[in-house]
Amino acid sequence: MIINPGFKAKRDKSNRLPPGQYETTDFPVLSLGPTPQISKNDFSIKFFGLIDKEIEWSWEDIQKQPIVDVKTDIHCVTKWSKFDTKWQGVSIDYIIEKLNLKPDVTHVIAYSYDGYTTNIPLSDIQNNQAWIAVSYDNKDIESAHGGPVRLLVPHLYFWKSAKWLRGIEFTNQDKPGFWETRGYHNYGDPWKEERYSFDD
Ligand SMILES: Nc1nc2c(c(=O)[nH]1)N[C@H]1C(S)=C(S)[C@@H](COP(=O)(O)O)O[C@H]1N2
Ligand SMILES: [Mo]
């Protein structure tokens, strides 16, 4: 039997480090520009696209949704990995249940307050793989790390986890985002080292 090495490593707790990564214990900040300051009062997030009815939540609305704890390793394409980061957030599964997606949805596009976008296949944000994070270690997410609300998709390189999230579109078209149109890999699996588009 041939075992995919990435698959094996993912399940082997003694090897949590994807190829080419090193472990860091601090939390580096990686942003393409200045940190936008979005107050909780001004914040809202919209879910739109190929769905029955759009949902728009204020910060207060999000607090009324089921918020779960997520403990996960994260992997940045610049080669740092951080183990056991602790977030609190709303599962995308829960949001998808409410939205009633059209059957032709294949991708989601995350939109951020700084103009950043990123594309993710629908199947990668389903089944307990992605969250709308509202706090980090039970404290507000620092602005530099994407507060008030960021996307968390930890099984892909961290550039897919859009900071300062303001919307998620459900679409039947793949729309490569900020980094994906600038040479980063379209999918970004850390276990396969899908860093740049020539890593195919
Ligand atoms: N809106 C937005 N989201 C973003 C970015 C950004 O510049 N803008 N940078 C991405 C990149 S390249 C990485 S590695 C992570 C970094 O998150 P951190 O600053 O909390 O470590 O956020 C991702 N999300
Ligand atoms: Mo990154």
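Whatever comes next refers back to the structure up there.
J.: I tried to follow the nonpolar core on my own but got confused; where do I start?
T.: Burial of nonpolar side chains together is a common tendency in soluble globular proteins. In terms of nonpolar packing, the biggest core is built from 39 residues, with F47, I132, L151 and F170 touching the most fellow members. Within the residue set of this core, elements represented by two or more residues are strand 2 (44-49), strand 3 (55-58), helix 2 (59-63), helix 3 (92-99), strand 6 (107-112), strand 8 (131-136) and strand 11 (165-171). Residues contacting I132, with those up to four places away along its chain left out, are I45, F47, Q88, G89, V90, I92, I95, V149, R150, L151, L165 and I168.

J.: What exactly am I supposed to notice about the pattern of salt bridges here?
T.: Opposite charge on two side chains makes pairing possible when the charged atoms of those side chains draw close. Counting across every chain of the model gives nine salt bridges. A salt bridge links R16 to D73, with the shortest nitrogen-to-oxygen separation between them at 2.6 Å. With a gap of 57 residues between them, R16 in the loop between helix 1 (5-11) and strand 1 (22-23) and D73 in strand 4 (residues 68-75) connect regions that are remote in the sequence. If you follow the salt bridges from partner to partner, you end up with R16, D73 and D84 in one network.

J.: How should I be thinking about the side chain of H107 in this particular structure?
T.: One can find H107 in strand 6. You can call H107 buried: its relative accessible area is 16%. Within the structure, the side chain of H107 is placed 2.8 Å from the side chain of T106, a separation counted as a polar contact. With residues up to four places along the chain from it excluded, the contact list for H107 reads I120, P121, L122, E169, F170, T171, Q173 and D174.

J.: I would appreciate a short explanation of the site of ligand 1 in the present structure.
T.: Taken together, 21 residues are adjacent to ligand 1, and P28, D114, H145, R150 and K163 come closest. R150 places a polar side-chain atom, nitrogen or oxygen, 2.7 Å from an oxygen atom of ligand 1. K163 is positioned with one of its side-chain polar atoms (N or O) 2.5 Å from an oxygen atom of ligand 1. In this structure the site holding ligand 1 corresponds to the second largest pocket. Of the residues assigned to the shell around ligand 1, the class counts are 14 nonpolar, four polar and three charged.

J.: When you look at the packing of aromatic side chains in this model, what are you seeing that I'm missing?
T.: The description of an aromatic ring pair uses the distance of the two centres, along with the angle that the planes make with each other. One pass over the full model with this rule turns up 15 aromatic pairs. Aromatic pair W159 and Y184: ring centres 4.7 Å apart, planes at 70°, arrangement edge-to-face. Within this pair, whereas W159 is found in the loop between strand 10 (150-152) and strand 11, its partner Y184 is found in the segment after strand 11, the two being separated by 25 residues in sequence. Each member of the pair W159 and Y184 is classed as buried. Ring centres of F178 and W179 lie 5.0 Å apart, and the angle between their planes is 85°; on these two criteria the pair is classed as edge-to-face. Of the residues examined, W179 reaches a relative accessible area of 26% and is grouped as partly exposed. By the ring-pair criterion, three or more aromatic residues cluster together here, those being Y116, Y157, W159, F178, W179, Y184, Y196 and F198. Directly above the aromatic system of F83 lies the positively charged group of R16, at a separation of 4.5 Å from the ring centroid. Residue placement shows R182 over the ring face of F178; its charged tip is 3.7 Å from the ring centre.

J.: Explanation requested: the sheet that holds strand 11 in the structure shown.
T.: Overall, mixed pairing links the five strands, which are arranged 3-2-11-6-7 in an open sheet. At either end of the open sheet lies a strand with only one pairing partner, and these are strand 3 and strand 7 (117-121). Neighbouring strand axes in the sheet, compared pairwise and without regard to direction, differ in orientation by 15° on average. Looking at chain direction, strand 6 and strand 11 are connected through six bridges and run antiparallel. Bridge pairing in strand 11 links A110 to I168. Seen against the sheet, helix 3 touches strand 2, strand 3 and strand 11 and runs at an angle of roughly 135° to strand 3.

What counts and what doesn't
- Chains are numbered independently. Their residues run from 1 in the order of the written sequence.
- A letter from A marks each chain and a number from 1 marks each ligand, given out in the order of writing.
- Local features in a predicted model are, by the rule used here, given only for residues with pLDDT of at least 70; side-chain atom pairs are given and counted only at 80 or more, and totals for whole chains, interfaces and linings are based on all residues.
- Side-chain measures were taken over the full set of non-hydrogen atoms in the model, leaving aside hydrogen atoms and water.
- Among buried residues, those of type Ala, Val, Leu, Ile, Met, Phe, Trp, Tyr and Cys that are joined through side-chain atoms within 4.5 Å constitute a nonpolar core.
- Residue burial is assigned from relative accessible area. The probe radius is 1.4 Å, only protein chains are included, and a residue is buried under 20% of its type maximum, exposed over 50%, and partly exposed in between.
- Secondary structure elements follow DSSP: runs of H or I no shorter than four residues count as helices, runs of E no shorter than two count as strands, and numbering proceeds from the N terminus.
- Throughout, a contact is declared for two residues whenever any of their heavy atoms are within 4.5 Å.
- Each reported salt bridge corresponds to a side-chain nitrogen of Lys or Arg within 4 Å of a carboxyl oxygen of Asp or Glu.
- Any N or O atom pair separated by 3.5 Å or less is treated as a polar contact, with the protein-specific requirement of one donor-capable and one acceptor-capable atom, and with residues adjacent in sequence counted only for side-chain atom pairs.
- Being near a molecule or strand, for a residue, means having at least one of its heavy atoms within 4 Å of it.
- Method remark: on a 1 Å grid restricted to protein atoms, a set of points is classed as a cavity if a 1.4 Å probe fits but cannot get out and as a pocket if it is open with protein on both sides within 12 Å along at least five of seven lines; lining residues have an atom within 4 Å of a point.
- More than half of a molecule's atoms within 2 Å of the grid points is what it takes for that molecule to sit in a cavity or pocket.
- In this classification, Asp, Glu, Lys and Arg are treated as charged, Ala, Val, Leu, Ile, Met, Phe, Trp, Tyr, Cys and Pro as nonpolar, and every other residue, Gly included, as polar.
- To pair, rings of Phe, Tyr and Trp, with the six-membered ring standing in for Trp, must have centres within 6.5 Å; the planes then decide the type, stacked if under 30 degrees apart, edge-to-face if over 60, and tilted in the middle.
- Here, a charge over a ring means that NZ of Lys or CZ of Arg falls within 6 Å of the ring centre while also lying within 35 degrees of the ring normal.
- Strand pairing is assigned whenever DSSP identifies at least 2 bridges connecting the two strands.
- Every axis in this analysis is a line fitted to C-alpha atoms, fitted for helices over the stretch in contact. Angles between the N-to-C directions lie between 0 and 180 degrees.

Coordinates in, geometry out; function isn't part of it.
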